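Here's the letter readout for the chains.
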Amino acid sequence: MTNVVRDVLGKRFIVLLLLLSMAAGTVGIVVSRNLANAAEPVQLPTFNIPPVSAEFEASEKPNVLVIATGGTIAGAARNGDKTNFQNYAAGTYTMADMVAQLPVHKTADVSTFQFGNKGSGSYTIKDLYDLSLAVDTALADYDSVVVTTGTDTMEEIAYFLDLTVRSEKPVVVTGAMRPWDVIGTDAPANLYQAIKVASSNKTKWFGTVLMLNDVIYAAREVTKTNAHRLDTFDAPMFGALGYVDDPAVRIYRAPARAIKAGTEQWATPFDLKTISKDSLPIVEIAYSYQEAGGGAIRGFVEDGAKGIVTAGTGAGGISSKMSQARSAAIQQGVVFVTTTRTGSGTMYDSGTGATIGGDNLNAAHARMLLLLSLAFTSDLPTIHSWFQSFGTGDVEISVDENTVLKTSVEEEAEEPVVEVPASEEPSVEPSAEPSAEPVVTEPVETAPAVEEPVGAH
Ligand code: ASP
């Protein structure tokens, strides 16, 4: 073969390779376009969360990020009047300034991220979607997160986070009833204490908790009970999870959810990364009272509500006019959840039927669960099941029987009889009084030592 022929063949081969690789590239683009069309990619928000600093990285203390949204905790006295607890400018100070004013924290290295700076009631559900994703983004690097919000809708924000954050690391929500710079403010103390709870790691696997006034509550159970008092938060049917005092953070009970720690059942189905915030539906609350009309329900439906929670009288009853409006709305596919306006009490769910029992979630909590449920499914039985599982704080302990340590009674019954030397045998004299203690002569060695079962104390 001459050099010329070799050159020509070589060039043709290269051209052929080029054509093939271009064709392959085109196929690649088509495939990726097809995939993109098959499942519309979700546009996820990004956040300027500060990385853990080198100094904090080197320190032994846990890294806590405070994500600030505003509220009274960041409020400033109006016209310099530091004695007025009701008239002030909420959401004024930045969290970086506030943390800088605190004494250096004994138990945590604290960083801050300003998500927003306004009253809790000004946030939209779409904002809460972003907030939840910000919390999860932060928990990829930080050991725990404190979220500061206004107290007015804090229970709703906290429960939204509880239902959506994927990380098992501690999330502690706090705020204040008096602005940052007035006399007798609870703001710096609540911020300091919330950081302490978060850095203790004691609420890992608890979901979101709320801490104000040194008391720790489960997000699912807590509600604001007073417009002004510092001890406004309470969990009417359940009480506190624990307390934070100077020596320690003490947890006295765990939410039912914590029992599922480390299992698939711990995580809710509400993974926000898989949905667009545009798919969060309108869900409203209709309050019943003496001869309540059906107009609220009809109006909500007209406005596009996909779900409605009723806050009924007593055990969840609603007026006959409301009831008629509800029946008509159900015909149009609106999903209803029954709660009570009394502030506590359980609405049991039958698992079927057009209305769902809201367990003992208050109306605001039940609305968050219904809203998220409807964002992820329109299947009514599935929503029933989510209210019965994630909405219900029912404790069930399941233990693998094969791994259970035997009780001492069972153990004794199964133990082979141990020969006791005659000299060591206890002398037990039956008493005339059946209830009297038997007289036992030392030394007593009635049975071989039995190891105490774990958890006996
Ligand atoms: N209006 C305030 C808010 O919820 C009240 C508070 O923070 O306590 O934002």
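Residues numbered from 1 in each chain as written. Predicted model: local features only at pLDDT ≥ 70, side-chain atom pairs only at ≥ 80, totals over all residues.

Novice: Would you mind showing me how to read the sheet that holds strand β15 (residues 335-340) here?
Specialist: Pairing between the strands of a sheet comes from backbone hydrogen bonds, and it takes one of two forms, parallel or antiparallel. Strand order across the open sheet formed by 4 strands is β13-β14-β15-β16, with parallel pairing between neighbours. Each end of this open sheet is capped by a strand with a single partner; those strands are β13 (283-287) and β16 (355-357). Strand-to-strand twist in this sheet, taken as the mean axis angle between neighbours without regard to direction, amounts to 25 degrees. Where β15 meets β16, 3 bridges bridge the pair, whose relative direction is parallel. Among the inter-strand pairings, Val-337 is bridged to a residue of β16, identified as Ile-356. (Pairing = 2+ DSSP bridges. Helix = DSSP H or I, 4+ residues; strand = E, 2+ residues; numbered from the N terminus. Axes fitted to C-alpha atoms, helices over the stretch in contact; angles between N-to-C directions.)

Novice: Please explain helix α10 (residues 380-389) as it appears in this structure.
Specialist: Along α10, the positions that sit buried rather than exposed are Ile-383, His-384, Trp-386 and Phe-387. All buried residues of α10 project into a common sector of 165 degrees when viewed along the axis, lining one side. The secondary structure elements touched by the buried residues of α10 are β15, β16 and α9 (363-376). (Buried ≥ 20, exposed ≤ 12 C-beta atoms within 10 Å, placed from the backbone. Arc of directions from axis to C-beta. Contact = placed C-beta atoms within 7 Å.)

Novice: Looking at this structure, I do not really get the sheet that holds strand β4 (residues 109-114). What am I missing?
Specialist: Read across the sheet, 8 strands follow the order β4-β1-β5-β6-β7-β8-β11-β12 without closing on themselves; strand pairing throughout is mixed. Two strands close off the open sheet at either side, each with one partner strand: β4 and β12 (249-251). Each strand of the sheet is rotated relative to its neighbour by a mean of 25 degrees, with strand direction disregarded. Note: strand β1 (residues 63-68) against β4, 6 bridges, orientation parallel. Across the sheet, Val-64 pairs through a bridge with Val-110, a residue of β4. Taken strand by strand, helix α5 (residues 154-164) contacts β5 (144-148), β6 (171-174) and β7 (208-212), and its axis lies near 150 degrees from that of β7. The strands that helix α6 (residues 187-200) touches are β1, β4, β5, β6, β7, β8 (215-218), β11 (242-244) and β12; relative to β5, the one it contacts most, it runs at about 155 degrees.

So, to be careful, I would describe these as geometric facts and stop short of saying anything about function.
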